[in-house]
Amino acid sequence: MQKKDLVAIKDWNEEEIKHLFRTAARIKEYQKAGVEYHPLKGKSLGMLFSKASTRTRVSFEVGMFQLGGYPLYLDIKANLQVARGESIEDTAVVLSRYLDGIMIRTYAHNDVEKLAEFSTAPVINGLTDLLHPCQVLTDIFTFVEHRGDPKGATVAYIGDGNNMAHSWLYGAARTGMNLNIASPSGYEVDANVLKEAKQIAENNNCTLNIMNDPKAAVKDVDVVYTDVWASMGEEEEHAERVNKFKDFQLNRDLLDLADKDALVMHCLPAHRGEEITDDVMDDPKYSVVFDEAENRMHLQKGILYLLMK
Ligand code: CP
Ligand code: NVA
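Since this is a predicted model, take the numbers as computed values, not measurements.

S.K.: Would you mind showing me how to read the site of ligand 2 here?
M.R.: Neighbouring ligand 2 are the residues L127, H132, N162, N163, D227, V228, S231, M232 and L268. Between a nitrogen atom of ligand 2 and a side-chain N or O atom of N162, the distance comes to 3.4 Å. Interatomic distance of 2.6 Å between a side-chain N/O atom of D227 and a nitrogen atom of ligand 2. Considered on its own, ligand 2 offers 270 Å² of accessible surface; in the complex 94% of this is hidden by protein. Grouping the constituent residues of the shell around ligand 2 by class yields four nonpolar, four polar and one charged.

Set out below in structure tokens:
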């Protein structure tokens, strides 16, 4: 059987995403009921990181353990020859001979595409500068848990046109959600990602709108989403970005413009007081940010099961 990867949400069709959600929900139920479930007994997942992580590392590591498999953490810079010049192609071939799956978090998206091309084991993108598919699949799964069918619902993404915004473009298009993205001028999403996502959205009867006005973006929407203003690798731009993004804060005034039953989402980590205020992030009526964080593990157990069983 041909191996399957999760490098970008666009590579999975709607039925595959629904199947993933059903699988994750089933595995989550086992976990909540205290039922041990070890379909990945004897299998190993390499987890390669060149950036920091709380959620991705812990949720994949514990998730793999709970499925009966072995998670191997590798700090790319500290542990792997690839940081000393070994090619990604050779690394992929060698790791495939030991491992049943590879999860990677790194900078260049192309590195993950190359790893997937040369690895015979499934490759899972745990975040690149361009995309964060595991997070957005988890976010839509969390929406489904709280609100049901995502088709026709509208999401507003407020802030940087970054990896989260890009994965939302693909995720919304694939699942039939409408998406408004409001970013400051000069920080809009990548034009190629937008073009590809718009083609998918056209065939799925949903709309993707790019704008610079956060108030227009959140009007009557079902989800208000935000992310940090300076992502990993952009720390030096932080002060400049705080200035440019100051009108894009998710605060009470902005939230009041959304639907009265809107969900507040954030991939975390949050910079409280910058892109989101404490009162919004901690509002029990609206905020599901910690459900999203928990669901990273359940959703990814579904991914691991489907790709590695
Ligand atoms: N949301 C997310 O991926 O969190 P970490 O950076 O902590 O893994
Ligand atoms: N945009 C953020 C997401 C972190 C989960 C970053 O890349 O740092």
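S.K.: Honestly, the site of ligand 1 in this entry has me stumped. Any pointers?
M.R.: Taken together, the residues surrounding ligand 1 are S53, T54, R55, T56, R105, H132, Q135, C267, L268 and R296. In this structure, an oxygen atom belonging to ligand 1 sits 2.8 Å away from a side-chain N or O atom of R55. Protein coverage of the free-state accessible area of ligand 1, which is 260 Å², stands at 96%. Of the residues belonging to the shell around ligand 1, the class tally is two nonpolar, five polar and three charged.

S.K.: What exactly am I supposed to notice about the sheet that holds strand β7 (residues 208-211) here?
M.R.: As a general point, the strands of a sheet are linked pairwise by backbone hydrogen bonds and lie either parallel or antiparallel. One open sheet accounts for five strands, arranged β7-β6-β5-β8-β9; its pairing is parallel. Every other strand in the sheet has two partners, leaving β7 and β9 (263-266) as the edge strands with one partner each. Within this sheet the neighbouring strands show an average axis-to-axis angle of 20°, counted without direction. When strand β8 (residues 223-226) meets β9, the two strands line up parallel, connected through four bridges. For Y225, the partnering residue across the bridge sits in β9 and is M265. Set on the sheet, helix α6 (residues 133-147) makes contact with β8 and β9; between it and β9 the angle comes to about 160°. Together, β5 (154-158), β6 (178-182), β7 and β8 form the strand contacts of helix α7 (residues 163-175), whose direction differs from that of β6 by roughly 160°.

S.K.: Where do I start with the packing of aromatic side chains in this structure?
M.R.: Here a ring pair, both rings aromatic, is described through the centre-centre distance and the interplanar angle of the planes. In this structure the tally under the stated criterion is nine aromatic pairs. Put simply, the rings of Y187, W229, F245 and F248 touch in pairs and so form one group of aromatic residues. In this structure, K285 packs its charged tip against the face of Y286, placed 4.6 Å from the ring centre.

S.K.: Just checking my understanding: could you explain the environment of L74 for this structure?
M.R.: With respect to the helices and strands, L74 occurs in strand β2 (residues 70-75). Overall, L74 belongs to the buried group, its relative accessible area being 13%. Each C-alpha atom, one on L74 and one on W12, is 27 Å from the other, the two residues being 62 residues apart in sequence.

S.K.: Just to check I follow, could you spell out the pattern of salt bridges for this structure?
M.R.: Close approach of charged atoms lets side chains of opposite charge pair. This model, assessed by the stated rule, comprises 21 salt bridges. Across the pair K260 and D261 runs a salt bridge, and its minimum N-O distance is 3.2 Å. We note a salt bridge from D261 to K285, for which the minimum N-O separation is 3.6 Å. Note that D261 is positioned in the loop between α11 (252-255) and β9 and K285 in the loop between α12 (278-281) and α13 (289-308), a separation of 24 residues in sequence. The exposure class of K285 is partly exposed, given its relative accessible area of 47%. It is possible to trace a salt-bridge network through shared partners that takes in D160, E234, E237 and R241.

S.K.: Please explain the side chain of N125 as it appears in this structure.
M.R.: Within the secondary structure, N125 sits in strand β4 (residues 123-125). Separated by 3.0 Å, the side chain of N125 and the backbone oxygen of V7 make a polar contact. In this structure the side chain of N125 is engaged in a polar contact, spanning 2.7 Å, whose partner is the backbone nitrogen of L127. Ignoring any residue separated from it by four or fewer positions in sequence, one finds N125 in contact with L6, V7, I104, H109, V112, L131, P133 and C134.

S.K.: Where do I start with the pairing of β7 in this structure?
M.R.: Along a regular strand, successive side chains alternate from one face of the sheet to the other. Taken together, the four bridges between β6 and β7 define a ladder with parallel strand orientation. Residue pairing for β7: N180 is matched across the bridge by N209. Taken together, β6, helix α8 (residues 191-203) and β7 constitute a β-α-β crossover, and its handedness is right-handed.

What counts, and where the lines are drawn
- Residues numbered from 1 in each chain as written.
- Chains lettered and ligands numbered in written order.
- Predicted model: local features only at pLDDT ≥ 70, side-chain atom pairs only at ≥ 80, totals over all residues.
- Heavy atoms only, no water.
- Near = heavy atom within 4 Å.
- Polar contact = N/O pair within 3.5 Å; in protein donor to acceptor, adjacent residues only side chain to side chain.
- Areas by Shrake-Rupley, 256 points an atom, 1.4 Å probe, with all protein chains shown as cover.
- Nonpolar A, V, L, I, M, F, W, Y, C, P; charged D, E, K, R; others polar.
- Pairing = 2+ DSSP bridges.
- Helix = DSSP H or I, 4+ residues; strand = E, 2+ residues; numbered from the N terminus.
- Axes fitted to C-alpha atoms, helices over the stretch in contact; angles between N-to-C directions.
- Contact = heavy atoms within 4.5 Å.
- Phe/Tyr/Trp six-rings, centres within 6.5 Å; stacked < 30°, edge-to-face > 60°.
- Lys NZ or Arg CZ within 6 Å of the ring centre and 35° of its normal.
- Buried < 20%, exposed > 50% of the residue type's maximum accessible area, 1.4 Å probe, protein only.
- Salt bridge = Lys/Arg side-chain N within 4 Å of Asp/Glu carboxyl O.
- Right-handed = clockwise from strand over helix to strand, strands pointing away.

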